[in-house]
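# Structural characterization, general
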Amino acid sequence: MTVLAIHVLGSAILRQETEPVVAVTDDIRRLIDDMFETMYAARGIGLAAPQVGRTERVTVVDVDRDGGQAHRLALVNPMIVLREGSIRGEEGCLSIPDIYGDVERASRVVVRALDREGQPFEIEGTDLLARCLQHEIDHLHGKLFIDYLGIFKRRAALAKWEEERVKYPSLVRTIVPASVIADHHDPDREDEEM
Ligand code: K1U
Ligand code: ZN
């Protein structure tokens, strides 16, 4: 499995509509596995294909962030079939590192998707899972959490991002897996970016 580079705000692919997956092939399964590897290495709770430079309608989620198998969710062609309630909560994005904002989302959703084997399933999400599913499905339609911020908060987030983005001249983040950091740990350098 491979830890993939993550595209950051400014990379055109983050604003593109994805393409529905016609068949869940070995290539899609490899993409799913690499996306889980990347999401855990970046310490995220979700990741969508455009964030790793791919146009397929695929996302992965694990809101428990313990790296175990039990809570892994791979969703191919996910679609929200029910939204209920509304709640504000803080969001971050692996494609806009160090920027956070409060977003109003449905408090409960039901999502229909295909799994890693191409089998249809439905998942109900509340709390952080509901928020994460909505955030990831937005990514699959070119939408980012900053789009929901009011004008002033959005302006402030973008101004902070202008300072941050100089760290990513090629508009991608290279994530160093925790195992590599442990092997070459330099106590004077605590961040994980390369
Ligand atoms: O898609 C992404 O960019 C991943 C993103 C998912 C997400 C985080 C928070 C709310 C909704 C969706 C992240 O994993 S950001 C990093 C993170 O782990 C985190 C940040 C804030 C709250 C909880 C987790
Ligand atoms: Zn995101």
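Throughout what follows, the structure given in this document is the object of discussion. (Residues numbered from 1 in each chain as written. Chains lettered and ligands numbered in written order. Predicted model: local features only at pLDDT ≥ 70, side-chain atom pairs only at ≥ 80, totals over all residues. Heavy atoms only, no water.)

Further remarks concern the sheet that holds strand β7 (residues 108–114). Consider a sheet: its strands pair through backbone hydrogen bonds, and that pairing is either parallel or antiparallel. Reading across the sheet, the five strands line up as β2-β3-β4-β7-β8 and stay open at both edges, with antiparallel pairing between neighbours. The open sheet has two edge strands with one neighbour each: β2 (46–48) and β8 (120–126). Neighbouring strand axes in the sheet, compared pairwise and without regard to direction, differ in orientation by 35 degrees on average. Where β2 lies against strand β3 (residues 58–61), three bridges are found, and the strand directions are antiparallel. Counted as the bridge partner of A48 is T59 from β3. (Pairing = 2+ DSSP bridges. Helix = DSSP H or I, 4+ residues; strand = E, 2+ residues; numbered from the N terminus. Axes fitted to C-alpha atoms, helices over the stretch in contact; angles between N-to-C directions.)

In this structure, I28, I32, M35, L47, V58, V60 and V76 are the most contacted members of the largest nonpolar core, which totals 20 residues. Broken down by element, this core gets its largest block of residues, seven residues, from helix α1 (residues 26–41). Beyond its immediate stretch of four places on either side in the chain, L47 contacts I6, M35, T38, M39, V52, T59, V60, L94 and E136. (Core = buried A, V, L, I, M, F, W, Y, C linked by side-chain atoms within 4.5 Å. Buried < 20%, exposed > 50% of the residue type's maximum accessible area, 1.4 Å probe, protein only. Contact = heavy atoms within 4.5 Å.)

Protein ligation of the zinc ion (ligand 2) involves C93 (SG), H135 (NE2) and H139 (NE2), the donor distances falling in the range 2.0 to 2.3 Å. All donor residues of the zinc ion (ligand 2) come from one chain, and their arrangement in sequence is C-x41-H-x3-H. Here H139 and H135 lie together in helix α2 (residues 127–139), a separation of four residues that amounts to about one turn. Grouping residues by exposure puts H135 and H139 together as buried. (Donors = N, O, S within 2.8 Å, 3.2 Å for Na, K, Ca; no water.)

This part takes up a nonpolar patch on the surface. A cluster of nonpolar residues, M79, V81 and L82, forms a patch on the protein surface that exposes about 230 Å² of accessible area. Note that M79 resides in strand β4 (residues 73–84). The exposure class assigned to M79 is partly exposed, which follows from its relative accessible area of 48%. (Patch = residues over 30% accessible without salt bridge, like charges linked within 9 Å, V, L, I, M, F, W, Y side chains within 5 Å. Areas by Shrake-Rupley, 256 points an atom, 1.4 Å probe, with all protein chains shown as cover. Salt bridge = Lys/Arg side-chain N within 4 Å of Asp/Glu carboxyl O.)

Moving on to the packing of aromatic side chains. Counted under the stated rule, the structure contains two aromatic pairs. Judged by centre distance (6.1 Å) and plane angle (15 degrees), the rings of F36 and Y40 are stacked. Taken together, the residues span about one helical turn, with F36 and Y40 both in helix α1 at a distance of four residues. Their ring planes at 15 degrees and their centres at 6.0 Å tell us that W161 and Y168 sit as a pair that is stacked. Comparing W161 with Y168, the two get one shared label, buried. (Phe/Tyr/Trp six-rings, centres within 6.5 Å; stacked < 30°, edge-to-face > 60°.)

Assignment of secondary structure puts R173 in strand β9 (residues 172–173). For R173, a relative accessible area of 5% gives the class buried.

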